[in-house]
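Here is how the chains run, residue by residue.
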Amino acid sequence: MEMAKNKKYSRSLPESDGDDIVISGMAGKFPNCSNISEYEFKLYNKIDMVDDDERRWRHFNPEIPKRSGKISELEKFDATFFGVHFKQAHTMDPQTRILIETAYEAVIDSGINPKSLRGSKTGVYIGSCISESEKTWFYEKVSSGGFGITGCSRAMMANRISYCLGLEGPSFLLDTACSSSMYALDNAFSALRNGEIDAAIIGGSNLLLHPFVTLQFARLGVLAPDGFCRPFDKNASGYTRSETINCLFLQRKRDAKRVYASVVYSKTNCDGYKPEGITYPSGVVQEKLLENFYKEIELTPSDLGYLEAHSTGTVVGDPEECKAIDNVICSQRREPLLIGSVKSNIGHSEAASGICSLVKACFAFETGMIAPNINFAEVKPIIAPLAEGRLLVVKDKTPLPKPYIGINSFGFGGANAHALLKGFTKSKTNFGIPEDDVPRLLTWAGRTEDAVHEIFSDIEKRPLDAEFIGLLQNIQEEDVAGMVFRGFSVFVKQGKEPAKALVRDVQHYTGLQRPIVWVYSGMGSQWTQMGKSLMIIPRFRESIEICHETLLSKNINLIEILTSDNPEIYQNILHSFVGIAAVQIGLTDVLRSLQLEPDFIIGHSVGELGCAYADGGLTPQQMILAAYYRGRVSVDMEKIKGSMAAVGIGYKTILHMLPESIEVACHNSPDSCTISGPIDDVSNFVADLKAKGIFAKEVPCSNIAYHSKYIAKMGPPLLQYMKEIIPNPKKRSSKWLSTSVPKLEWEHPTRKLCSAEYHTNNLLNSVLFEETFSLLPENSMTIEVAPHGLLGAILKRSMANGVHIPLTNRGNKNNALFFMSALGNSNKIKLS
């Protein structure tokens with residue numbers, strides 16, 4: 001965002017609706033929760049996430065409460081993926097390691113590929129207080145390479161994220177004790193408002209690795225001896241220490257693909273001097289913060305639907321906070337204010353606690369329900385606003401009455417913070433369930449096979465959400481190095497029941513980048529109802545309707561030709577030509593709409609019309625009319641009764657065996673060709689070949705000996721028709737490799753054009769598919785664009801190191817699924 005000179009930015013109001021600051025991504029590890037989803041489930045199901053196991057240390061000191069909140073898998077880190085040296089990874093504060101992963105996940109959650117942020121003005125603001133790893137790597141196990149400094153310096157918690165993701169905005173750590181992550185939000189909010197950054201990652205981190213730190217807090221008198229955190233409860237006696245590492249991704253609304261909530265405003269202040277001591281909370285200064293906060297925005301305390309308090313259950317803290325809330329907020333309301341604190345569920349994660357509250361608020365906006373407090377039986381009677389009902393503790397799942405939630409957070413040194421979030425008002429149409437019956441294809445890549453399956457399995461746990469599929473697909477539009485497992489799945493809706501995967505496949509990715517070749521096959525790929533199931537794909541149907549309208553003036557009902565179950569429909573050669581061309585146009589348009597492009601284009605016989613369309617030489621109307629007139633001259637012109645046959649030997653071998661009356665129409669491959677000539681001569685020759693043990697079979701051709709001297713009379717009328725269709729021929733691109741012109745003539749000026757002459761020559765001359773196909777890279781991925789994968793066997797034999805993918809299959813009643821599976825396979829092989 002370019003700032004005009006001397007332009008003054010309002011901190012409290014966005015310049016426009018698009019400048020609204022939103023939370024678009026969330027990720028984290030919470031006590032006994034490995035991710036956001038588990039955290040949500042346990043919050044709403046009143047599951048206590050604090051336990052008394054001895055994962056961190058033995059219960060050796062009675063002063064240290066046995067219960068604490070702990071996260072899992074501190075020892076795991078994908079150092080290779082994030083570019084961290086092996087020795088550095090082993091001497092790195094686990095907070096830093098997990099923060100890198102969590103920041104990456106938060107960006108992914110927003111629907112954005114982290115790779116796209118490289119070089120951007122994205123700031124990183126991390127709140128953290130104490131690194132309980134410092135003692136080990138600074139003073140006990142000093143690394144020979146100085147890795148302890150770079151691994152455990154707390155500045156690196158933010159800087160490592162910026163380094164690994166290539167972010168060039170501000171990057172620093174904030175320590176305001178328990179309000180650190182809310183101060184991270186405040187700094188990011190200011191930087192986004194004033195245009196300093198374009199996006200921000202904010203995070204919080206707290207790990208309990210050394211028992212003596214917890215002992216210090218116990219001796220300070222703030223911990224509950226029994227390890228139960230009871231905010232607002234009459235039996236509250238302090239808090240329970242907990243671990244959490246979490247991150248949020250913030251963007252301007254106009255840049256976001258997903259919105260959990262808008263950050264309306266954020267503000268901080270500090271208690272300053274207090275006669276009671278630095279750790280004693282000042283309710284008076286908290287009141288000032290709240291009073292000034294709501295004066296500076298266009299909302300009043302009466303607009304609040306819920307307030308997520310800092311409340312930790314300490315003897316002094318809860319009464320001071322509730323009094324401040326009562327004096328500023330309740331005094332300006334007619335109805336009681338709903339209040340709660342996530343510390344009851346997970347304990348107090350100190351520096352990371354603010355983001356725990358922000359995430360809880362986002363859950364309320366998403367579900368419409370406020371997650372309940374636990375460990376609450378009866379209000380503390382000395383707290384008047386609770387006892388007198390002006391503040392109501394949420395102890396069961398409760399509907400959120402208004403779309404605004406306030407969040408408090410206070411540090412034990414007097415650093416206070418308050419933020420206001422607003423729910424996103426846009427609601428999903430039909431809960432995201434698509435109104436059409438089109439299956440949804442998702443391609444995904446991951447570091448492990450399980451990672452890919454995890455995404456696919458997650459989609460099957462809920463009704464099909466088309467928006468969510470689109471969000472996921474957007475994440476991996478760009479290739480990500482190191483994602484060595486790639487897969488695809490095709491999902492269908494089941495109403496309000498969970499989605500069903502019709503196809504799922506995951507394979508190891510070799511890293512080989514294959515050139516993509518679109519292959520357009522010709523006559524013989526047609527079959528009854530070949531377009532029927534594909535019509536469910538909107539882009540395909542649109543293309544067919546364009547072709548259908550074009551042919552109406554010729555008294556041709558294209559849609560009937562493509563969908564009719566009449567077995568005689570393709571006995572009319574004209575129907576075959578327009579049917580094949582229309583399907584090729586539709587498939588090409590779908591590929592293009594998915595931003596898939598070939599490196600090379602090659603066609604077999606009439607398939608070169610498809611090449612012309614894919615190359616931009618013909619419009620859909622021109623291509624379908626060209627196919628029509630090719631069929632028209634085939635029907636109208638006088639010719640001998642001919643035949644064609646497929647033979648299992650190549651052009652060079654059969655050339656010396658042919659009777660004079662028969663020609664080689666198509667050079668298919670070194671061990672395959674197609675012959676053309678008078679019907680009796682072809683039949684006799686086929687019989688001779690079979691007698692010699694050579695494969696030979698006559699193929700349907702409407703008794704027309706295509707690509708031979710016997711159809712020479714078709715040339716002039718077809719040329720005339722083509723000149724009417726293509727008055728201004730375009731130059732063929734280098735991608736289109738001709739199979740109707742010998743390579744020696746490719747540079748001739750007239751051969752470089754997609755002209756009437758070119759396509760007339762295509763009909764009359766031999767198909768040089770074998771010669772042209774041999775020019776392609778040997779490891780190509782060939783995608784056959786036709787009603788049926790007619791050339792599959794030829795392509796596989798001719799390119800043993802390549803991969804062949806047909807987009808459709810003869811007789812398949814669900815070719816839409818077959819087509820999507822083919823797309824999935826092509827992306828699995830070359831996901832870039």
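Owing to the predicted nature of the structure, the values given are computational and were not obtained by experimental measurement.

Student: Could you clarify how one ought to interpret the sheet that holds strand β22 (residues 696–699) in this entry?
Tutor: Where strands meet in a sheet, backbone hydrogen bonds hold them as pairs that are either parallel or antiparallel. With antiparallel pairing, four strands are arranged side by side in an open sheet as β20-β21-β19-β22. A single partner strand is all that each edge strand has here, and the edge strands are β20 (663–669) and β22. Here the average twist between neighbouring strands, direction ignored, is 25 degrees. With respect to the sheet, helix α22 (residues 679–691) is in contact with β19 (642–647), β21 (672–678) and β22, its orientation differing from that of β21 by roughly 140 degrees.

Student: Please clarify how the sheet that holds strand β27 (residues 803–806) should be interpreted in this entry.
Tutor: Strand order in the open sheet formed by five strands is β24-β18-β17-β26-β27, and the pairing between neighbours is parallel. Of all the strands in the sheet, the pair left with one neighbour each is β24 (736–737) and β27. Alignment of strand β17 (residues 516–520) against strand β26 (residues 781–784), held across four bridges, turns out to be parallel. Looking at the pairing, W518 lines up with I783 of β26. Helix α19 (residues 607–614) rests against β17, β18 (600–603) and β24 of the sheet, and its axis sits at about 155 degrees to β18.

Student: Would you mind showing me how to read the pattern of salt bridges here?
Tutor: Two side chains with opposite charge may pair up if their charged atoms get near one another. Applying the stated criterion across every chain, the model contains 44 salt bridges. Two residues, E63 and R219, come together in a salt bridge whose shortest N-O distance is 2.9 Å. Of this pair, E63 sits in the loop between α1 (36–44) and α2 (86–90) while R219 sits in helix α8 (residues 211–220), and the two are 156 residues apart along the sequence. Judged by relative accessible area, R219 falls into the exposed class, the value being 56%. Here R539 makes a salt bridge to E542, at a shortest N to O gap of 3.8 Å. Placement of the pair is R539 and E542 together in helix α16 (residues 538–552), with a separation of three residues, close to one helical turn. On the accessibility criterion, R539 (29% relative accessible area) is partly exposed. E542 sits in the partly exposed class, given a relative accessible area of 42%. Members of the salt-bridge network, linked through shared partners, are D19, D198, R252 and R254.

Student: Is there a simple way to explain the packing of helix α18 (residues 573–593) against helix α20 (residues 620–636) in this structure?
Tutor: A packed helix pair is summarised by two numbers, namely the angle formed by the two axes and the spacing between the axes. In contact at an axis separation of 8 Å, α18 and α20 are set at 160 degrees when each is read in the N-to-C sense. Here α18 is positioned roughly antiparallel relative to α20, judged by the angle of their axes. The way α18 lies across α20 gives a crossing that is right-handed. Across the interface between the two elements, I573, L574, F577, V578, A581, A582, Q584 and I585 from α18 touch P620, M623, I624, A627, Y628, R630, G631, R632, S634 and V635 from α20. Residues belonging to the contact of α18 with α20 are distributed by class as follows: 13 nonpolar, three polar and two charged.

Conventions used here
- Residues numbered from 1 in each chain as written.
- Predicted model: local features only at pLDDT ≥ 70, side-chain atom pairs only at ≥ 80, totals over all residues.
- Heavy atoms only, no water.
- Pairing = 2+ DSSP bridges.
- Helix = DSSP H or I, 4+ residues; strand = E, 2+ residues; numbered from the N terminus.
- Axes fitted to C-alpha atoms, helices over the stretch in contact; angles between N-to-C directions.
- Contact = heavy atoms within 4.5 Å.
- Salt bridge = Lys/Arg side-chain N within 4 Å of Asp/Glu carboxyl O.
- Buried < 20%, exposed > 50% of the residue type's maximum accessible area, 1.4 Å probe, protein only.
- Parallel < 35°, antiparallel > 145°, perpendicular 65-115°, else oblique.
- Left-handed = near helix turned anticlockwise from the far one by under 90°.
- Nonpolar A, V, L, I, M, F, W, Y, C, P; charged D, E, K, R; others polar.

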